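What the coordinates show
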Amino acid sequence: MMGGEIRKLRQSFQYAVRGVMLCMHTERNFRIHLTAACYVTLLAVLCRLSATKCAVLALCFGVMMGAELMNTAIECLCDWKASGYDRAVRDAKDIAAAGVFVCAVACAVIGLLFFIPELDTILDALQTHPTLIFVLIFSAPCALWFIFRFGRKR
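This text gives an overview of the structure that appears in the document.

Cut-offs used in this document
- Residues numbered from 1 in each chain as written.
- Predicted model: local features only at pLDDT ≥ 70, side-chain atom pairs only at ≥ 80, totals over all residues.
- Heavy atoms only, no water.
- Helix = DSSP H or I, 4+ residues; strand = E, 2+ residues; numbered from the N terminus.
- Rg over C-alpha atoms; globule rule 2.2 N^0.38 Å.
- Buried < 20%, exposed > 50% of the residue type's maximum accessible area, 1.4 Å probe, protein only.
- Areas by Shrake-Rupley, 256 points an atom, 1.4 Å probe, with all protein chains shown as cover.
- Lys, Arg positive; Asp, Glu negative; His and termini not counted.
- Charge placed at Lys NZ, Arg CZ, Asp CG, Glu CD.
- Core = buried A, V, L, I, M, F, W, Y, C linked by side-chain atoms within 4.5 Å.
- Contact = heavy atoms within 4.5 Å.
- Salt bridge = Lys/Arg side-chain N within 4 Å of Asp/Glu carboxyl O.

This brings us to the overall build of the protein chain. From N to C terminus, the protein chain includes six helices and zero strands. Mapped in sequence order, the helices and strands of the protein chain form the string α-α-α-α-α-α. Computed over C-alpha atoms, the radius of gyration of the protein chain comes to 19 Å, more than 25% over the 15 Å expected from 2.2 N^0.38 for 154 residues, which places it beyond the range of a compact globule. Projecting the C-alpha coordinates of the protein chain onto the three principal axes gives extents of approximately 55 × 50 × 30 Å. For the protein chain, the residues scored as buried account for 24% of the 154 residues in total. Carbon and sulfur atoms provide 71% of the accessible area of the protein chain, an area that totals close to 10,900 Å². Distance between charge centres in the protein chain, computed from 16 positive and 11 negative side chains, equals 9 Å.

If you want it as structure tokens, here you go:
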């Protein structure tokens, strides 16, 4: 009995990972949020944010990614259901997109509240460690490639 439950649990994790990978490969906006999370994490380390602030940022990442995953699931179901133009499908997709937008605005506000007071720290770090500038310059094209070229169309 225990082995069957473990197998089902492992399978549910595999389905979840497949869903994340599918979204990463097909959804540009998910890749944008993932890229932003990486840069914000780098900034948090650079600014030596408190554990509490890092936990809030981690929650923001989770909420943002979760909202994008739910939006994608709703869009997939709507696209599958609709054979042509359907006002209810349009409304459902617009409302799901609005949910992502609300989460993104809230996360952006939190990010601004956390990082605006740290601007001096950020500028000092860039002046003291020019390697960081190289990392940013090198990573920007990689990030843009990941966002706009990685993956495939749904």
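One recurring pattern in soluble globular proteins is that nonpolar side chains are buried together. The biggest cluster of nonpolar side chains holds seven residues, and these are Ala44, Cys47, Leu49, Leu57, Phe114, Phe115 and Ile122. If we ignore the near neighbours within four places in the chain, the residues touching phenylalanine 115 are Val40, Leu43, Ala44, Cys47, Leu49, Leu57 and Ile122.

Moving on: the pattern of salt bridges. Oppositely charged side chains are able to pair whenever their charged atoms sit close together. According to the stated counting rule, one finds two salt bridges in the structure shown. Lysine 93 serves as the salt-bridge partner of aspartate 79, at 2.6 Å between the closest nitrogen and oxygen. With a gap of 14 residues between them, aspartate 79 in helix H3 (residues 51-81) and lysine 93 in helix H4 (residues 87-115) connect regions that are remote in the sequence. Measuring nitrogen to oxygen at the nearest pair gives 3.0 Å for the salt bridge that ties arginine 90 to aspartate 91.

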